[in-house]
Amino acid sequence: KILIIGACGQIGTELTLALREKVGRDNVIASDIREGSEDLMNSGPFEIADATNYNQIEDLVIQHDIEEVYLMAAMLSATAEKFPMKGWDLNMSSLFHVLNLAKEGKIKKVFWPSSIAVFGPTTPKHDTPQTTVMEPTTVYGISKQAGERWCEYYFNKFGVDVRSIRYPGLISYKTLPGGGTTDYAVEIYHEALKNGKYTSFLNKDTELPMMFMDDAIRATISLMEAPSEKVKVRSSYNLSALNFTPDTLAKAIQKHIPEFEISYAPDFRQAIADSWPSSIDDSEARKDWGWRHDFDLEKMTSEMLEGIKEVYHV
Ligand code: VAH
């Protein structure tokens, strides 16, 4: 059986629904510190658990006969800058609990999300390579870089089958983002439909790597299903689909909503975004386990606008 820790989050919610489709609702145990969306809560078994509490996680693993864990709980970049020690503690202690349970043989396979936030201002900004200089300047990025080192260590030292992806900014209409720097790229679609205008907290020319959630979920499941010998990177895989600026995104929306207007009021998240790459080289993931993205900006924009209309009846 599969346990998803942080199942109510932006990725966790869609990952839970997709895995339940795939392996059956009762074979996927969703857990989080609080209850989630109606769709999630009605889709199968749910347990309240604190990802930083080893005993609670161990109890879930034993009670539900868990073989695979997707650890999706984390404090994201913008929020972690406000609560650095809480962010570090949540992101790291939850990872150690799961890696140690796997080391003791209580879990067979682990997925752990990393992020383009592991890169910093000294990293080559365009087509950022899989292996390169990484001097992250955010608490979140530091925790993800440290986590990648520990995942590789537990694989090499203890044979723990842990797999990871450096997600770009993720965009979905089924779940709202939770305190990230790329959240503007989700909020903008909602605001365009509701108010016809949006004030972006990132400047018009801030280019960032992004991906539609369907691609991210498909990549996650295909990495977890790949034969172990094909998974050559045991820190975390670069993964890429799109990269765009708020200005380009606004123009893509205006093709559907001509009167949509965007304005700019950068805040503290501008400095975070400026420290990250503009585009990512994901050739290793494409080579090792056949990754291909499906959604381009036009296709994602249509999906997002249609999806928000359907879910929010706007
Ligand atoms: C964040 N959405 O903004 C996350 C992600 C690359 C961005 O890590 O913190």
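Taking an unreviewed UniProt entry as the reference, the chain is identified by name as Nucleoside-diphosphate-sugar epimerase belonging to Salinimicrobium sediminis. Turning to the chain, the UniProt annotation filed under Sequence similarities (unreviewed entry) states: "Belongs to the NAD(P)-dependent epimerase/dehydratase family."

For the rest of this paragraph, the subject is the site of the ligand. Lining the immediate surroundings of the ligand are Leu76, Ser77, Ser115, Ile116, Tyr140, Tyr167, Pro168, Gly169, Gly180, Thr181, Thr182 and Trp276. Ser77 places a side-chain nitrogen or oxygen 2.7 Å from an oxygen atom of the ligand. The side chain of Ser115 places a nitrogen or oxygen atom 2.8 Å from an oxygen atom of the ligand. Here the ligand has 270 Å² of accessible area as a free molecule, and 96% of this is covered by the chains. Counting atoms within 2 Å of the grid points, the majority share of the ligand lands in the largest pocket. Broken down by class, the residue content of the shell around the ligand amounts to 6 nonpolar, 6 polar and no charged.

Backbone geometry at Asp65 places phi at a positive 55°, although glycine is not the residue there. Following the sequence through the fold, Asp65 ends up in the loop between helix H3 (54-63) and strand E4 (68-71).

Taken together, the side chains of Leu176, Val311, Tyr312 and Val314 present a nonpolar region at the surface, about 340 Å² in accessible area. Here Val314 is to be found in the segment after helix H12 (297-312).

If you check UniProt for "domain: NAD-dependent epimerase/dehydratase" (unreviewed entry), the listed places come out as residues 2-238 in our numbering. Overall, residues 2-238 shows 41% helix and 18% strand. The separation of its end C-alpha atoms is 24 Å.

Let us look at H12. Here H12 contains 16 residues, and its C-alpha end-to-end distance of 22 Å stays within 8% of the 22 Å for a straight helix at 1.5 Å per residue. Three or more residues of H12 are buried, namely Leu297, Met300, Thr301, Met304, Leu305, Gly307 and Ile308. Looking at the buried side of H12, the elements it contacts are strand E7 (169-171), helix H7 (184-194), strand E9 (208-212), strand E11 (242-244) and helix H9 (246-254). At the N-terminal boundary of H12, the capping side chain belongs to Asp296, with an oxygen 3.2 Å from the backbone nitrogen of Glu298. Of the residues one or two after H12, His313 is the one with positive phi, at around 50°.

Let us now look at the packing of helix H5 (residues 84-103) against helix H6 (residues 139-158). Two elements in contact, H5 and H6, have axes separated by 10 Å at closest approach and are oriented at 15°. With respect to each other, H5 and H6 are oriented roughly parallel. In this structure, H5 crosses over H6, and the sense of that crossing is right-handed. Contacts from Pro84, Trp88, Asn91, Met92, Leu95, Phe96, Leu99, Asn100 and Lys103 of H5 reach H6 at Val139, Tyr140, Ile142, Ser143, Ala146, Gly147, Trp150, Cys151, Tyr154 and Phe158. Here the contact of H5 with H6 is composed, by residue class, of 14 nonpolar, 4 polar and 1 charged.

The next point concerns the sheet that holds E7. Sheets are built from strands paired through backbone hydrogen bonds, the pairs being either parallel or antiparallel. Taking strand neighbours across the sheet as the criterion, the 3 strands line up as E7-E9-E11 in an open arrangement whose pairing is mixed. The sheet is open, and its two borders are formed by E7 and E11, each paired with just one other strand. The mean angle between the axes of side-by-side strands here comes to 40°, regardless of whether they run parallel or antiparallel. Of the strand pairs in this sheet, E9 and E11 are connected by 3 bridges, and their pairing is antiparallel. Residue pairing in the sheet places Pro209 in a bridge with Asn243 of E11.

Okay, the confidence of the model for the chain next. The share of residues in the chain with pLDDT of 70 or more is 100%, and the mean pLDDT across the chain is 97. At the level of chain-chain contacts, confidence expressed as ipTM amounts to 0.95, with global pTM at 0.97.

Counted under the stated rule, the structure contains 18 salt bridges. Ionic pairing is found between Glu225 and Lys22, a salt bridge with its closest N-O pair at 3.3 Å. Placement of Glu225 in helix H8 (residues 213-225) and of Lys22 in helix H1 (residues 10-23) is noted, with a sequence separation of 203 residues between them. For Lys22, a relative accessible area of 47% corresponds to the partly exposed category.

Quick notes on the rules
- Residues numbered from 1 in each chain as written.
- Predicted model: local features only at pLDDT ≥ 70, side-chain atom pairs only at ≥ 80, totals over all residues.
- Heavy atoms only, no water.
- UniProt positions renumbered as here; feature names shortened; annotations may be inferred.
- Near = heavy atom within 4 Å.
- Polar contact = N/O pair within 3.5 Å; in protein donor to acceptor, adjacent residues only side chain to side chain.
- Areas by Shrake-Rupley, 256 points an atom, 1.4 Å probe, with all protein chains shown as cover.
- 1 Å grid on protein atoms, 1.4 Å probe; cavity = no way out; pocket = protein on both sides within 12 Å on 5 of 7 lines; lining within 4 Å.
- Sits in = over half its atoms within 2 Å of the grid points.
- Nonpolar A, V, L, I, M, F, W, Y, C, P; charged D, E, K, R; others polar.
- Helix = DSSP H or I, 4+ residues; strand = E, 2+ residues; numbered from the N terminus.
- Patch = residues over 30% accessible without salt bridge, like charges linked within 9 Å, V, L, I, M, F, W, Y side chains within 5 Å.
- Salt bridge = Lys/Arg side-chain N within 4 Å of Asp/Glu carboxyl O.
- Expected span 1.5 Å × (residues − 1).
- Buried < 20%, exposed > 50% of the residue type's maximum accessible area, 1.4 Å probe, protein only.
- Contact = heavy atoms within 4.5 Å.
- Axes fitted to C-alpha atoms, helices over the stretch in contact; angles between N-to-C directions.
- Parallel < 35°, antiparallel > 145°, perpendicular 65-115°, else oblique.
- Left-handed = near helix turned anticlockwise from the far one by under 90°.
- Pairing = 2+ DSSP bridges.
- pLDDT = per-residue confidence, 0-100.

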